[in-house]
Amino acid sequence: MKKPYPESSPELPSDLKLELDILKNSGPASSVIVWDHQRSRLEFVTRLVSECAAHARWAESFSAIQDMEVSASCSIALVALGASPSPGDLSLEIIRTLKQKGFKIICYEDSAHAWPLGTQCHALLAGSLRLLDSANGEFAAELSRLLVQLLHTEVARRAEEEKIRLTMKNLGIIAES
């Protein structure tokens, strides 16, 4: 029986390795929300998240998604769509809910790129940044690249906010609360 997801992850390009090194040395690891009911793929995606210097946080119900809040350490979500989503599907409601909370979302599903264009657009219109085909041989590399870029952007944003906060404090503009 063929395993649908590889045991090893792809080799990252050198520019992403540099960003990954920065992430690993940037303080506490970020968390990434993962919604996926296909166990083998969930485990594979969890491993990819870990290799990108983050912690996967599994969401197992819609109520769990509703209770989640975006934070400095958790602002990215990965959502598996299920077979060919249509406008009323739970996966699209999850994307909309996470987007309204301020999460950056990447969606994926097996054979998603074979869906009609209109079907592919549902996830994007709901608020996803990208739709990846998890059955594609390049899925792991694409997801890793996107995750490292998003995580690096978040670390840089947090560092800039801290720099501004310290400058304002030193100038007596704001007080510590």
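Since we're looking at a predicted model, the values are computed, not measured.

## Points about the environment of S50
Position of S50 relative to the elements: it lies in helix α2 (residues 39-51). When the C-alpha atoms of S50 and S144 are compared, they prove to be 10.0 Å apart, with 94 residues separating the residues in sequence.

## A word on helix α4 (residues 90-101)
Here α4 is twelve residues long and its end C-alpha atoms lie 17 Å apart, about the 16 Å a rise of 1.5 Å per residue gives. Every buried residue of α4 is accounted for by S91, L92, I94, I95, T97, L98 and K101. Along its buried surface, α4 packs onto β1 (30-35), α3 (62-67), β3 (76-80), β4 (104-109) and α5 (117-126). Note on α4: the residue one or two positions beyond its end, G102, has a positive phi of about 100 degrees.

## What about the packing of aromatic side chains?
As enumerated under the stated definition, the model contains two aromatic pairs in all. Seen from their ring centres, F44 and F139 are 6.4 Å apart, and the 35 degrees between their planes marks the pair as tilted. With F44 in helix α2 and F139 in helix α6 (residues 139-170), the pair connects residues that are 95 residues apart, well separated along the chain. Its relative accessible area of 3% is what places F44 among the buried residues.

## Description of the pattern of salt bridges
Any two side chains of opposite charge can pair, so long as their charged atoms come close to each other. Counted by the stated rule, this structure contains eight salt bridges. Between E69 and K101 there is a salt bridge, and its shortest N-O distance comes to 3.2 Å. Of this pair, E69 sits in the loop between α3 and β3 while K101 sits in helix α4, and the two are 32 residues apart along the sequence. Each of D36, R41, E109 and D110 takes part in salt bridges that share partners, so that together they form one network.

## Looking at the packing of α4 against α5
One way to put it is that α4 packs onto α5 with a least axis distance of 8 Å and a crossing angle of 25 degrees. When the interaxial angle is binned, α4 and α5 end up roughly parallel. Packed against α4, whose contacting residues are L92, I95, R96 and K99, the element α5 presents H122, A123 and A126 at the interface. Its residues assigned to classes, the contact of α4 with α5 shows four nonpolar, one polar and two charged.

## Observations regarding the sheet that holds β1
Spatially, five strands are ordered β2-β1-β3-β4-β5 in an open sheet, and the strand pairing comes out parallel. Where the open sheet ends on each side, the last strands, each with one partner, are β2 (54-58) and β5 (130-133). When strand polarity is set aside, the average angle formed by the axes of neighbouring strands in this sheet is 25 degrees. Taken together, the five bridges between β3 and β4 define a ladder with parallel strand orientation.

## Re the pairing of β2
Every regular strand shows the same layout, with side chains that alternate between the two sheet faces. With five bridges connecting them, β1 and β2 associate as parallel partners. Considered in β2, the bridge of I33 is made with R57. In terms of handedness, the path from β1 via α2 over to β2 forms a crossover that is right-handed.

Calculation criteria
Within every chain, residues take consecutive numbers counted from 1 along the sequence as written. In keeping with the predicted nature of the model, local features appear solely for residues at pLDDT of at least 70, side-chain atom pairs appear and are counted solely at 80 or more, and the whole-chain, interface and lining totals rest on all residues. To get the side-chain values, take all heavy atoms of the structure and skip hydrogens and water. Here a helix means four or more residues in a row that DSSP labels H or I, a strand means two or more in a row labelled E, and each is numbered from the N terminus. The span one expects for a helix is its residue count, reduced by one, times 1.5 Å. Working definition: with a 1.4 Å probe on protein chains only, accessible area under 20% of the residue-type maximum means buried, over 50% means exposed, and in between means partly exposed. Note on definitions: a residue-residue contact is assigned when non-hydrogen atoms from the two residues lie within 4.5 Å. A pair of Phe, Tyr and Trp rings is counted when the ring centres sit within 6.5 Å of each other, with Trp represented by its six-membered ring. The angle between the planes then sorts it: under 30 degrees is stacked, over 60 is edge-to-face, the rest tilted. Definition used for salt bridges: Asp or Glu carboxyl oxygen within 4 Å of a side-chain nitrogen of Lys or Arg. Note on geometry: axes are C-alpha line fits, over the in-contact stretch for helices, and angles between N-to-C directions span 0 to 180 degrees. An angle below 35 degrees is treated as roughly parallel, one above 145 as roughly antiparallel, one from 65 to 115 as roughly perpendicular, and anything else as oblique. Residues were grouped as follows: Ala, Val, Leu, Ile, Met, Phe, Trp, Tyr, Cys and Pro as nonpolar; Asp, Glu, Lys and Arg as charged; and all remaining residues, including Gly, as polar. Here a strand pair is declared whenever DSSP counts at least two bridges between the two strands. Orient the strands so they point away from the viewer, and a crossover whose first-strand-to-second-strand path over the helix runs clockwise is right-handed.

Geometric values such as these leave the question of function open.
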